[in-house]
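Given next are the chains, with one letter for each unit.
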Amino acid sequence: MALGVCRELTEAVIALVRGSEGVRTALEFSSGAGASEGCPPGGGPVEFSPGDLPALRAAGARCLRISGTSPSSRSGSRARWSG
């Protein structure tokens, strides 16, 4: 997870994109927890379309190959939803 990406994140994005015309999302670390060491605090919105699904699946598989599995804790909240 050196770049702030993990298989679970790619799977979550895949679930959002699958069956849609596309999604635009922005991810940020909690202000209380802060970014992990070496990770940027957040970036601008990113758009994903169904055409990105193969790349997202490949990225998730690569994360799993590189990092393997280990216990982790994640939580999230939806700050705003616009449809």
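Not measured: the values here are computed from a predicted model.

(A) Local environment of the overall build of the protein. What the protein contains, in helices and strands, is two helices and two strands. Mapped in sequence order, the helices and strands of the protein form the string α-β-β-α. By residue count, 13% of the 83 residues in the protein fall in the buried class.

(B) Region of the structure containing helix H2 (residues 53-67). Between the first and last C-alpha of H2 there are 21 Å, a value that for 15 residues agrees with the 21 Å anticipated at 1.5 Å per step. Among all positions of H2, only Leu-53, Leu-56, Gly-60 and Cys-63 are buried. One side of H2 carries all its buried residues, which in axial view fall inside an arc of 80°. H2 presents Pro-54, Ala-55, Arg-62, Arg-65 and Ile-66 as exposed residues on the side facing more than 90 degrees away from its buried surface.

(C) Examining the environment of Leu-64 more closely. In this structure, Leu-64 sits in helix H2. Since its relative accessible area comes to 35%, Leu-64 is described here as partly exposed. C-alpha separation for the pair Leu-64 and Cys-6, spaced 58 residues apart in sequence, amounts to 7.7 Å.

(D) Here's a closer look at the nonpolar core. Val-13, Ile-14, Val-17, Val-23, Leu-53 and Leu-56 form the largest nonpolar core, which has six residues in total. For this core, the element with the highest residue contribution is helix H1 (residues 7-17), accounting for three residues. When neighbours within four sequence positions are excluded, Leu-53 is seen to be in contact with Ile-14, Val-17 and Arg-18.

(E) Structural view of H1. Among the residues of H1, Thr-10, Val-13, Ile-14 and Val-17 are the ones counted as buried. Buried residues of H1, viewed axially, fall in a sector of 105°; they line one side. The inward-facing, buried residues of H1 contact strand E1 (23-25), strand E2 (46-48) and H2. The positive-phi residue at the C-terminal boundary of H1 is Gly-19, with phi of around 80°.

(F) Fine view of the packing of H1 against H2. Their axes nearest at 8 Å, the elements H1 and H2 cross at an angle of 160°. Overall, the two elements H1 and H2 adopt an arrangement that is roughly antiparallel. Here H1 runs over H2; the crossing is left-handed. Together, Arg-7, Thr-10, Val-13, Ile-14 and Val-17 of H1 and Leu-53, Leu-56, Arg-57, Ala-59, Gly-60, Cys-63 and Leu-64 of H2 make up the contact between the two elements. Taken together, the residues that form the contact of H1 with H2 break down as eight nonpolar, two polar and two charged.

About the cut-offs
Residues numbered from 1 in each chain as written. Predicted model: local features only at pLDDT ≥ 70, side-chain atom pairs only at ≥ 80, totals over all residues. Heavy atoms only, no water. Helix = DSSP H or I, 4+ residues; strand = E, 2+ residues; numbered from the N terminus. Buried < 20%, exposed > 50% of the residue type's maximum accessible area, 1.4 Å probe, protein only. Expected span 1.5 Å × (residues − 1). Arc of directions from axis to C-beta. Core = buried A, V, L, I, M, F, W, Y, C linked by side-chain atoms within 4.5 Å. Contact = heavy atoms within 4.5 Å. Axes fitted to C-alpha atoms, helices over the stretch in contact; angles between N-to-C directions. Parallel < 35°, antiparallel > 145°, perpendicular 65-115°, else oblique. Left-handed = near helix turned anticlockwise from the far one by under 90°. Nonpolar A, V, L, I, M, F, W, Y, C, P; charged D, E, K, R; others polar.

Spatial relationships are all this shows, so hold off on functional conclusions.
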